[in-house]
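So the chains spell out like this:
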Amino acid sequence: MKKKHNRILTSSGAWRSILTAVGVMALVSAASADNLKLNRHFNQKGNILISDQFNNRVIEIDPVGNIVWSFGRGPNDFSAKSVIGVNDAQRVGTLTLMAGTGTPAGVIPQAPDGAPDNRVMLVDPFGKIVWQYGQFGQAGSGPNLLDTPVQCTFLPNFDVLITDQATTRIIEVTLQKKI
């Protein structure tokens, strides 16, 4: 049985995914070694992670409603430093996986022409993007391109499942960015 298991891991590229995941975790450890402060209530039981879509951020609140973590600069920031029109977020250990959908024209007064984002990102506790699929400001269905990603799920095999609405597809992407 063990030989069969090893053959499956080797043939499916799972070892590459595992090694990449270890690399991503090493990046997080390196960032953690900096003198950055992290709220001691970060990622605690009972906290709630919120995709704050029209404020261009993901926030984590504690049970009484205090913001203990956030990524994104708020409703007036439409840069790659925020997650524009975020639709989905989930914790992957201490990382946060999120889908930046962007906003269409005519929806938000601060961006009357719309603001495309089109990224799925893994962000460390200090706000550093450690992995990304898709490009800020670009849309498409080619390699490393998305068009309105509305959902993302981190899978047990370290791949990311992405629902890409405008391209009417659901794709599974490795940490090496292979579909």
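Colleague: Before we go on, may I ask you to explain the overall build of the protein chain in this structure?
Modeller: What the protein chain contains, in helices and strands, is two helices and 10 strands. Listed N to C, the secondary structure of the protein chain is α-α-β-β-β-β-β-β-β-β-β-β in terms of helices and strands. Counting the 179 residues in the protein chain, one finds 42% classified as buried. A sequence separation of at least 24 residues applies to 44% of the contacts in the protein chain between residues at least 6 apart. Accessible surface computed for the protein chain: about 9,600 Å², of which carbon and sulfur atoms make up 56%.

Colleague: Honestly, the packing of aromatic side chains in this entry has me stumped. Any pointers?
Modeller: Two aromatic rings, taken as a pair, are described by how far apart their centres are and by the angle between their planes. Scanning the entire structure with this criterion turns up two aromatic pairs. Ring centres of F154 and F158 lie 6.3 Å apart, and the angle between their planes is 75°; on these two criteria the pair is classed as edge-to-face. Accessibility expressed as a relative area gives 27% for F158, which makes it partly exposed. Over the ring of W69 we find R91, and its NZ or CZ is 4.9 Å from the ring centre.

Colleague: Just to check I follow, could you spell out the confidence of the model for the protein chain for this structure?
Modeller: Parts of the model with low pLDDT should not have their predicted coordinates read in detail. With 80% of its residues at a pLDDT of 70 or more, the protein chain shows a mean pLDDT of 85. This model gives residues 2-11 a pLDDT under 50, and the stretch forms three contacts once residues within four places in sequence are excluded. When the criterion is pLDDT under 50, residues 14-19 qualifies, and its contacts beyond four places in sequence or with other chains add up to 11 contacts.

Colleague: Would you take a moment to explain unusual backbone geometry for this structure?
Modeller: Keep in mind that most residues, glycine aside, have a negative phi and that most peptide bonds are trans. Its identity as a non-glycine residue notwithstanding, N118 has a phi of 60°, on the positive side. The residue N118 is located in the loop between β5 (95-100) and β6 (119-123) in this model. Positive phi values are uncommon outside glycine, yet N144 reaches one of about 55°. Relative to the helices and strands, N144 is located in the loop between β7 (129-134) and β8 (149-154). On the basis of relative accessible area, N144 is assigned to the buried category, the value being 19%.

Colleague: Help me understand the nonpolar core in this model?
Modeller: Within the largest apolar cluster, 17 residues are counted, with the highest numbers of intra-cluster contacts made by L97, V120, L122, W131, V160 and I162. Going through the elements one at a time, β5, β6, β7, β8, β9 (160-164) and β10 (169-173) are the ones with two or more residues in this core. Membership of the second largest hydrophobic core comes to 10 residues, among which are F42, F71, A89 and V123.

Colleague: Whenever I open this one, the sheet that holds strand β2 (residues 57-61) confuses me. Can you help?
Modeller: Either a parallel or an antiparallel arrangement is found when strands of a sheet pair, and the pairing is made through backbone hydrogen bonds. One open sheet holds the three strands; their spatial order is β1-β2-β3, and the pairing between them is antiparallel. Looking along the sheet, the strands with just one partner apiece sit at the ends: β1 (48-52) and β3 (67-71). Neighbour to neighbour, the strand axes of the sheet diverge by 20° on average, direction disregarded. Bridging between β2 and β3 involves four bridges; their strand directions are antiparallel. Counterpart to I59 in the pairing with β3 is S70.

Colleague: Is there a simple way to think about the pairing of β2 in this case?
Modeller: Each regular strand carries side chains that alternate between the two faces of the sheet. For β2, the tally of buried residues reaches four of five residues, placing the bulk of the element in the interior. Bridge analysis of β1 against β2 gives five bridges, and the strand direction is antiparallel. If you follow I48 over to β2, its bridge partner there is I61. A loop of four residues connects β1 with β2, the two strands running antiparallel in sequence, and N56 in this loop sits at a positive phi of about 55°.

About the thresholds
Residues numbered from 1 in each chain as written. Predicted model: local features only at pLDDT ≥ 70, side-chain atom pairs only at ≥ 80, totals over all residues. Heavy atoms only, no water. Helix = DSSP H or I, 4+ residues; strand = E, 2+ residues; numbered from the N terminus. Buried < 20%, exposed > 50% of the residue type's maximum accessible area, 1.4 Å probe, protein only. Contact = heavy atoms within 4.5 Å. Areas by Shrake-Rupley, 256 points an atom, 1.4 Å probe, with all protein chains shown as cover. Phe/Tyr/Trp six-rings, centres within 6.5 Å; stacked < 30°, edge-to-face > 60°. Lys NZ or Arg CZ within 6 Å of the ring centre and 35° of its normal. pLDDT = per-residue confidence, 0-100. Core = buried A, V, L, I, M, F, W, Y, C linked by side-chain atoms within 4.5 Å. Pairing = 2+ DSSP bridges. Axes fitted to C-alpha atoms, helices over the stretch in contact; angles between N-to-C directions.

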